[in-house]
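# Tertiary structure, described
One-letter residues, chain by chain:
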Amino acid sequence: MTDIDAAIRQVLEVHGRLGAVVASLKNDDDLYQKGLSSHACVNVMLAIEDAFEIEIPEAFLTRATFRTIDSIRETVESLGLTNGLG
Amino acid sequence: MNSNDFRNQLLEAGVLVDAGSPGLYHRSADYESVVRALESYVREAGRDDNPQRLFFAPVINLETLMGSGYVGSFPNLIGTIDSFDGDMKKLGEFRERVDSGGEWFELMSHTDVALCSAACHSVYPMYKGATLPIEGLYFEVQANCFRHEPSMDPARLQSFRMHEFVYLGNPDGALEFRERWIAKGQQLLGDLGLVLDLVPANDPFFGRGAQIMAQGQLEKELKFEITATISSDTPGAISSGNYHEDHFGVTFSMSTHDGHVAHSACFAFGLDRITLALYYAHGFQLEEWPDEVRERLALGQSSHFIEPT
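Rules and cut-offs
- Residues numbered from 1 in each chain as written.
- Chains lettered and ligands numbered in written order.
- Predicted model: local features only at pLDDT ≥ 70, side-chain atom pairs only at ≥ 80, totals over all residues.
- Heavy atoms only, no water.
- Buried < 20%, exposed > 50% of the residue type's maximum accessible area, 1.4 Å probe, protein only.
- Helix = DSSP H or I, 4+ residues; strand = E, 2+ residues; numbered from the N terminus.
- Pairing = 2+ DSSP bridges.
- Contact = heavy atoms within 4.5 Å.
- Buried area = accessible area lost by both parts, 1.4 Å probe.
- Salt bridge = Lys/Arg side-chain N within 4 Å of Asp/Glu carboxyl O.
- Domains from an automatic or database assignment.
- Polar contact = N/O pair within 3.5 Å; in protein donor to acceptor, adjacent residues only side chain to side chain.
- Nonpolar A, V, L, I, M, F, W, Y, C, P; charged D, E, K, R; others polar.
- Axes fitted to C-alpha atoms, helices over the stretch in contact; angles between N-to-C directions.
- Disulfide = S-S within 2.5 Å.
- Parallel < 35°, antiparallel > 145°, perpendicular 65-115°, else oblique.
- Left-handed = near helix turned anticlockwise from the far one by under 90°.

### Looking at the pairing of strand β10 (residues 223–229) of chain B
Residue and element names in this part refer to chain B. Most of β10 is tucked away: six of the seven residues are buried. Bridging between β10 and strand β11 (residues 235–243) involves seven bridges; their strand directions are antiparallel. Its bridge partner lying in β11, T229 is registered against P235.

Below, the structure written as structure tokens:
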């Protein structure tokens, strides 16, 4: 697991309201199917920005961006963060 | 007809009287008789569930507004209430500013009340921490609601009546309730000669995260609107059926009888929008509305509104 993945999982654990599920999540699991609500998703979005010290552009603030751990990582990486935490 | 023409005709016919702000009107006795007839008409349809019936004040506790989640999601639509709470010294300055046309607003203090956001928002705090009965709880509620969206389109009122049926209980019960009321709502409104459509919808969330919230509502089919022409040829929502999942159950720590987080659903009749839609469809003279519509609403048969002497 990369540092980025670990940080995303930590955000999901604190803000995702997913209960004990986070530890057993696969990187391509659909987080919405695992119980991520829209309200929790917005909190995850804000916490991801804090954790990586980035501001996700409006165009990426969609449900698709936060559907899986992989998609969150891809977004974070696409914003220029490729080597561990910001 | 466009909404401006319709507005002018409503004002000309005396159905509405301009109250000085966009989207704010005094209403005629005829208009009000339709609102009250609608209230009786939908109440009849809700009797099967034997709901607890409550009529809320136009002003709600600030904590209730906070608990609804409305403040964060729609800060642009809410209305909080300020009043003067200063000492005599501050009062002097306050009066001076009022008299001289100065900035007196900044000397006001926040109160612990706010304008009502939606009728059903007052239901959930009443059951904070409660374990619900196995059959769930049913409500019929009404409130004067406020939305800060000033507009010249009469379909977009700043102050309007919302009549809602609400269910608290388990997920299956909530979905069944909403489906049942969407069907019932379409039947009731269609019987009034309105041409309807049923569309998946999302609330107008505000700011960053708005798209995520809206897409979530649509993807999970949490909100459906019954639309009709209200003030122009472009249809708008006159009713909506909403499944809140566990949003209010989590916020107010409500549980089902078997220990799960409670789910909720509501079906809202927008009494003012339906009234306007009826005027739009049937004209400005109630006597000229189709007989079957007048009969269904019992217009002219009994007095829903007693005019002051």
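### Some remarks on the interface of chain B and chain A
When the parts come together, some accessible area is lost, and that loss is often what is quoted as the size of the interface. Residue-level contacts link 13 residues of chain B with 18 residues of chain A. Across the chain B/chain A interface, buried area totals approximately 1400 Å², and carbon plus sulfur atoms make up 51% of it. The three residues of chain B that bury the most area against chain A are R208, I212 and M213 of chain B, which together make up 48% of that side's buried surface. Here chain B and chain A share four salt bridges between them.

### Quick notes on the domain arrangement of chain B
All names here are of chain B. The domain architecture assigned to chain B consists of domain 1 (3–78 + 117–296) and domain 2 (80–116). A straight line from the C-alpha centre of domain 1 to that of domain 2 covers 33 Å. Interface area, domain 1 with domain 2, both sides summed: about 860 Å², of which 67% is carbon and sulfur. Across the domain 1-domain 2 interface, the total number found is zero salt bridges. For the pair domain 1 and domain 2, the interface holds five residue pairs in polar contact (both at pLDDT 80 or more). If you list the elements that add at least two residues to the side of domain 1 that touches domain 2, you get β4 (59–61), α3 (62–67) and β7 (137–146). By residue number, the principal contributor to the side of domain 1 that touches domain 2 is β7, which donates four residues. When grouped by side-chain class, the residues that make up the side of domain 1 that touches domain 2 number twelve nonpolar, three polar and no charged.

### Comments concerning the side chain of H163 of chain B
All names here are of chain B. Among the structural elements, H163 can be located in strand β8 (residues 159–169). A polar contact of 2.7 Å, which involves the side chain of H163, links it to the side chain of E140. Setting aside its immediate chain neighbours within four residues, H163 contacts E39, V42, E140, V141, Q142, F267, A268, F269 and L271.

### Quick look at the sheet that holds strand β6 (residues 109–115) of chain B
Residue and element names in this part refer to chain B. Spatial strand order, β4-β6-β5: three strands in an open sheet with antiparallel pairing. Sheet topology places β4 and β5 (80–83) at the edges, where each strand pairs with a single neighbour. Taken over all neighbouring pairs, the strand axes of this sheet differ in orientation by 55° on average, direction set aside. As paired strands, β5 and β6 are joined by three bridges and run antiparallel to one another. In the strand pairing of β6, T80 is matched with A114.

### Section: the state of the cysteines
All names here are of chain B. Counted by the stated rule, this structure contains zero disulfides over all chains. Residue C116 stays outside any disulfide, its sulfur separated by 4.2 Å from that of C145, the closest cysteine. Judged by relative accessible area, C145 falls into the buried class, the value being 1%.

### Remarks on unusual backbone geometry
Residues and elements named next belong to chain B. Positive phi, close to 50°, is recorded for S253, a residue that is not glycine. Inspection of the secondary structure assignment puts S253 in the loop between α8 (247–251) and β12 (263–270). By relative accessible area, S253 is classed as partly exposed at 45%. Unlike most non-glycine residues, A298 shows phi in positive territory, near 55°. Note on placement: A298 falls in the segment after α10 (291–296).

### Digging into the sheet that holds β10 of chain B
Residues and elements named next belong to chain B. One open sheet holds the seven strands; their spatial order is β3-β7-β8-β12-β11-β10-β9, and the pairing between them is mixed. Each of the sheet's edge strands pairs with one partner strand only, and the pair in question is β3 (52–55) and β9 (197–200). Across this sheet, the average inter-strand angle for adjacent strands is 25°, counted without regard to direction. Strands in contact with helix α6 (residues 171–190) are β7, β8, β9, β10, β11 and β12; relative to β12, the strand with the most contacts, it is inclined by about 15°.

### Here's the deal with the packing of helix α2 (residues 38–52) of chain A against helix α7 (residues 210–219) of chain B
For the pair α2 of chain A and α7 of chain B, interaxial distance at closest approach is 9 Å and the crossing angle is 155°. When the interaxial angle is binned, α2 of chain A and α7 of chain B end up roughly antiparallel. Here the hand of the crossing between α2 of chain A and α7 of chain B comes out right-handed. Counting all contacts with α2 of chain A, which are made through S38, H39, C41, V42 and M45 of chain A, the residues of α7 of chain B involved are I212, M213 and G216 of chain B. Its residues assigned to classes, the contact of α2 of chain A with α7 of chain B comprises five nonpolar, three polar and no charged.

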